[in-house]
Amino acid sequence: MSIPADLKYTKSHEWVKAEADGTVTVGITHHAQDLLGDMVFVENPAVGRKLAKGEECAVVESVKAASDVYAPIAGEVVAANDEVESSPEKINQDAYDAWMFRISPANPADVDALLDAAAYEAHVASEAH
Amino acid sequence: MLIFEHSHPGRAANAQLPPQDGALDDLPAELLRDAPPALPECSELDVVRHYTRLSQKNFSIDTQFYPLGSCTMKYNPRACNSLAMLPQFLARHPHAPAETGQGFLQSMYELQEILKDVTGMAGVSLAPMAGAQGEFAGIAMIRAYHDARGDTARNEILVPNAAHGTNPATAVMCGYTVREIPTDREGNVDLEALKAAVGPQTAGLMLTNPSTLGVFEKTIQTIQKLVHDAGGLLYYDGANLNAILGYVRPGDMGFDVIHMNLHKTFSTPHGGGGPGAGPVGVAERLLPFLPVPVVINDNGVYRNAAEADLPQSIGRMSANGGNAGVLLRAYIYARMLGAEGMHRVAEFATLNANYLMARLRDAGFELAYPTRRASHEFIVTLKKVKDETGVSAMDFAKRLLDYGFHAPTTYFPLLVPECLLIEPSETESKETLDAFIEACIRIKEEAYADADLVKGAPYTQPVRRLDDVKAARELDLAYRG
């Protein structure tokens, strides 16, 4: 299973990367895309939208299911990756390269409270049937 | 090949054209077409062969076992069809005066009464034209009820994640925010999560019972008390009513509103997008809000009650009281079964599901909820097979087609990885179930012996494996000649 050590994670299977400029980048994990299968549609939040932590803010749809993506932390959307909307398969090819959107955090310390790689791996294991 | 591609200019089949009595030359000129429509031009034999071939390509309940979980693909008795096709029903105009259609209206009134009785509700409207519209009507009534009391701050509908997939969409369509309630390891609603979620913002809870996990919500009494104590109402999704028909009534479980899928439980023709029928039933306090028309009995005279009779109604959901032909078939089905027969529907639906489940378990298939008795359906997970052979639930499903069986529902519910949701229904014989079990065992053996064989399936169908990713990414929906 691919869970990079330098990222943070949520229980709802988003990955989060703290950027040098203070924004955070969000995508869905390799595990999430593996469960969903071949992606056919991605809808990102609009730039400028203010998000509460845990708010449904994006949609990923595969041949199996449509799934909501949740805001890992509160903040404002400052960028969205059009490339994954036009080519959803990029998420299957490399889930950690195919970022979805960037947030300017309301409170930068919120990122620290997210799961680290080891905690996320344990969470995935606990969800396995 | 489409019928248009068989077309040849000037070719026609005139032998059965109806006589042209009555001149049409008084139609206003501005309403006439400039050119004739682009209809296919084919001989009678071309048409007969085209549609016969299409019908032979169908995988249908009339030709094959169809254990599509959560869909209740049962046999549609031919008597329901032939009686509903009586000329007295077929030739009746929906706007004819009520006194000339008393037989039909009485049938609809009695169907309302039967559905009330079997679900334990106080009133039923047959107006919704499909399950989705029935759901919409149900949640709209919950909203109307709260609004009528001035209780307008309630903005949330609770939906367990084992509920039927349409439920959250319905709640959003009715303007509510959805709050999802998780499921515990045994497949029940997580009561602690429910306790934390209910409150003054709760408009209602939508529940499918038995759930899409194929198990009965054992704590339904506690659930209904929690929601009712918070001032919310309970909505019953009738998708899985077949499992409890005649045994347990949603009204007795405390539900305030219910929709029924007559094309599931009451055996009207199913699939192909309709026509469906999604009657709604309500408890006493929601009676004023029922959608119209509703058939009423005025001292032995039947008529459609409309907006004037039900001023608080959420409104008219169909012009003439639902899909008449479908409702008639359901009525005849219910009358043929009687109360005793309805018991037997649930008994045999549950027996067939548990027989299949036990035999598959004994053959080494992994059950998603091994400690639970199946309701009318159950879930097998092929995760271990996928991990060990690479053969997925979808590959398995496609291979079943080669053995002459429609696939069960795959990848639903989403909670269980690599799952097959299997619902045999009560109308299948033991021989058919045994043949299905044998096919499942052989496909599993194939997966371990020759995984590519299963991954390449199907081989015997009119088309091979479709590229569903390409189909979804590059939508091609319209014929352009």
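Residues numbered from 1 in each chain as written. Chains lettered and ligands numbered in written order. Predicted model: local features only at pLDDT ≥ 70, side-chain atom pairs only at ≥ 80, totals over all residues.

**Considering the overall build of chain B**
Then comes step 1: When helices and strands are counted, chain B shows 16 helices and 13 strands.
Then comes step 2: By the compact-globule yardstick of 23 Å for 481 residues, chain B fits well, its C-alpha radius of gyration being 25 Å.
Then comes step 3: Its C-alpha atoms put chain B at 70 × 65 × 45 Å along the principal axes.
Then comes step 4: Here chain B, with 481 residues, has 43% of them falling under the buried criterion.
Then comes step 5: A separation threshold of at least 6 residues defines the contact pool for chain B, and within that pool the share at least 24 residues apart is 73%. (Helix = DSSP H or I, 4+ residues; strand = E, 2+ residues; numbered from the N terminus. Rg over C-alpha atoms; globule rule 2.2 N^0.38 Å. Buried ≥ 20, exposed ≤ 12 C-beta atoms within 10 Å, placed from the backbone. Contact = placed C-beta atoms within 7 Å.)

**Digging into the interface of chain A and chain B**
Then comes step 1: Between chain A and chain B, the residue contacts involve 7 residues of the former and 11 residues of the latter.
Then comes step 2: Partitioning the side of chain A that touches chain B into residue classes produces 4 nonpolar, 1 polar and 2 charged. (Nonpolar A, V, L, I, M, F, W, Y, C, P; charged D, E, K, R; others polar.)

**Some details on the sheet that holds strand 11 (residues 378-381) of chain B**
Residues and elements named next belong to chain B.
Then comes step 1: Across the sheet, which stays open at both edges, the 4 strands sit in the order 10-11-13-12 with antiparallel pairing between neighbours. Each end of this open sheet is capped by a strand with a single partner; those strands are strand 10 (366-367) and strand 12 (409-410).
Then comes step 2: Across 2 bridges, strand 12 lies against strand 13 (residues 419-422) in antiparallel orientation. Looking at strand 13, one finds that Thr 410 is bridged to Leu 420. (Pairing = 2+ DSSP bridges.)

**Remarks on the sheet that holds strand 4 (residues 39-43) of chain A**
Residue and element names in this part refer to chain A.
Then comes step 1: Taken together, 3 strands build an open sheet; the order of strands is 4-6-7 and the sheet is antiparallel. Edge positions in the open sheet fall to strand 4 and strand 7 (66-70), since each of these has one partner strand only. If you compare each strand with its neighbour and ignore which way they point, the axes differ by 25° on average.
Then comes step 2: Pairing between strand 4 and strand 6 (residues 56-62): 4 bridges, direction antiparallel. When the bridges of strand 6 are listed, Met 39 appears paired with Ser 62. (Axes fitted to C-alpha atoms, helices over the stretch in contact; angles between N-to-C directions.)

**Considering the packing of helix 4 (residues 102-119) of chain B against helix 11 (residues 324-362) of chain B**
All names here are of chain B.
Then comes step 1: The interhelical angle for the contact between helix 4 and helix 11, taken along N-to-C directions, is 45°, at an axis separation of 10 Å. Classified by the interaxial angle, the pair formed by helix 4 and helix 11 is oblique. When the axes of helix 4 and helix 11 are compared, the crossing they make is left-handed. Residues Ser 107, Met 108, Glu 110, Leu 111, Ile 114 and Val 118 of helix 4 form the contact with helix 11, whose participating residues are Leu 327, Leu 328, Ala 330, Tyr 331, Ala 334 and Met 342.
Then comes step 2: Here the contact of helix 4 with helix 11 is composed, by residue class, of 10 nonpolar, 1 polar and 1 charged. (Parallel < 35°, antiparallel > 145°, perpendicular 65-115°, else oblique. Left-handed = near helix turned anticlockwise from the far one by under 90°.)

**Details of the environment of B:Ala363**
Residues and elements named next belong to chain B.
Then comes step 1: Among the structural elements, Ala 363 can be located in the loop between helix 11 and strand 10.
Then comes step 2: Take Ala 363: there are 12 C-beta atoms within 10 Å of it, and that puts it in the exposed class.
Then comes step 3: Between the alpha carbons of Ala 363 and Ala 457 there is a distance of 22 Å; along the sequence they are 94 residues apart.
Then comes step 4: Filtering out sequence-adjacent residues up to four positions away, Ala 363 remains in contact with Ile 437 and Ile 441.

**Thoughts on the environment of B:Lys444**
Then comes step 1: You can see B:Lys444 is positioned in helix 14 (residues 430-449).
Then comes step 2: Taking the C-alpha atoms as reference points, B:Lys444 and B:Tyr355, 89 residues apart in sequence, are found 19 Å from one another.

**Description of the pairing of strand 2 (residues 156-160) of chain B**
Residues and elements named next belong to chain B.
Then comes step 1: Among the 5 residues that make up strand 2, 5 are buried, leaving the element largely enclosed by the rest of the structure.
Then comes step 2: Along strand 2, one buried face is formed by Glu 156, Leu 158 and Pro 160 and the opposite face, lined by Ile 157 and Val 159, is buried too.
Then comes step 3: Across 3 bridges, the pairing between strand 2 and strand 4 (residues 202-208) is parallel. Residue pairing for strand 4: Leu 158 is matched across the bridge by Leu 205.

**Overview of helix 14 of chain B**
All names here are of chain B.
Then comes step 1: Helix length check: helix 14, at 20 residues, gives a terminal C-alpha distance of 29 Å against a target of 28 Å (1.5 Å per residue), a fit within 8%.
Then comes step 2: Along helix 14, the residues that are buried comprise Phe 436, Cys 440, Ile 443, Lys 444 and Ala 447. Taken down its axis, helix 14 places every buried residue within 100° of arc, on the same side. Helix 14 presents Lys 430, Glu 431, Arg 442, Glu 445, Tyr 448 and Ala 449 as exposed residues on the side facing more than 90 degrees away from its buried surface.
Then comes step 3: On the buried face of helix 14, the contacting elements are helix 11, helix 12 (383-389), helix 13 (393-402) and helix 15 (451-455). (Expected span 1.5 Å × (residues − 1). Arc of directions from axis to C-beta.)

**A look at the nonpolar core**
Then comes step 1: Grouped together as the largest cluster of nonpolar side chains are 122 residues, with contacts concentrated most on B:Met141, B:Tyr235, B:Val257, B:Leu327 and B:Ala330.
Then comes step 2: It is helix 11 of chain B that contributes the most residues to this core, 18 residues altogether.
Then comes step 3: Here this core spans two domains, since at least three of its residues come from each of domain 2 (80-337) and domain 3 (340-471) of chain B.
Then comes step 4: Setting aside residues up to four positions removed in sequence, B:Tyr235 forms contacts with B:Gly138, B:Ile139, B:Ile142, B:Gly204, B:Leu205, B:Met206, B:Leu207, B:Phe255 and B:Val257.
Then comes step 5: Counting 31 residues, the second-largest nonpolar core is a separate cluster that includes A:Leu7, A:Trp15, A:Ile28 and A:Val69. (Core = buried A, V, L, I, M, F, W, Y, C linked by C-beta atoms within 7 Å. Domains from an automatic or database assignment.)

**Things to note about the pairing of strand 3 (residues 177-181) of chain B**
Residues and elements named next belong to chain B.
Then comes step 1: Note that strand 2 and strand 3 share 5 bridges and pair parallel. Following the sheet pairing, Leu 158 is matched in strand 3 by Arg 179.
Then comes step 2: The β-α-β motif built from strand 2, the intervening helix 6 (residues 166-173) and the parallel element strand 3 has right-handed crossover chirality. (Right-handed = clockwise from strand over helix to strand, strands pointing away.)

**Some details on the environment of B:Thr177**
Residue and element names in this part refer to chain B.
Then comes step 1: Tracing the chain through its elements places Thr 177 in strand 3.
Then comes step 2: Judged by C-beta crowding, with 12 C-beta atoms within 10 Å, Thr 177 ranks as exposed.
Then comes step 3: Sequence separation of Thr 177 and Ala 449 is 272 residues, and the distance between their C-alpha atoms is 49 Å.
Then comes step 4: With sequence-adjacent residues up to four places away left out, Thr 177 is seen in contact with Asn 155 and Glu 156.

**Digging into the packing of helix 5 (residues 131-148) of chain B against helix 6 of chain B**
Residue and element names in this part refer to chain B.
Then comes step 1: Interhelical geometry of helix 5 versus helix 6 gives an angle of 50° and a closest axis separation of 9 Å. Judged by the inter-axis angle, helix 5 sits oblique to helix 6. Remark: the crossing between helix 5 and helix 6 carries right-handed chirality. Residues Ala 132, Glu 135, Phe 136 and Ile 139 of helix 5 touch helix 6, and the partners they reach there are Thr 166, Thr 170, Ala 171 and Met 173.
Then comes step 2: Of the residues belonging to the contact of helix 5 with helix 6, the class tally is 5 nonpolar, 2 polar and 1 charged.

**Let's talk about the domain arrangement of chain B**
One frequently used descriptor of interface size is the decrease in accessible area upon assembly of the parts.
Then comes step 1: Domain annotation of chain B identifies domain 1 (3-18 + 26-56), domain 2 (80-337) and domain 3 (340-471).
Then comes step 2: On a C-alpha basis, the centres of domain 1 of chain B and domain 2 of chain B stand 41 Å from each other.

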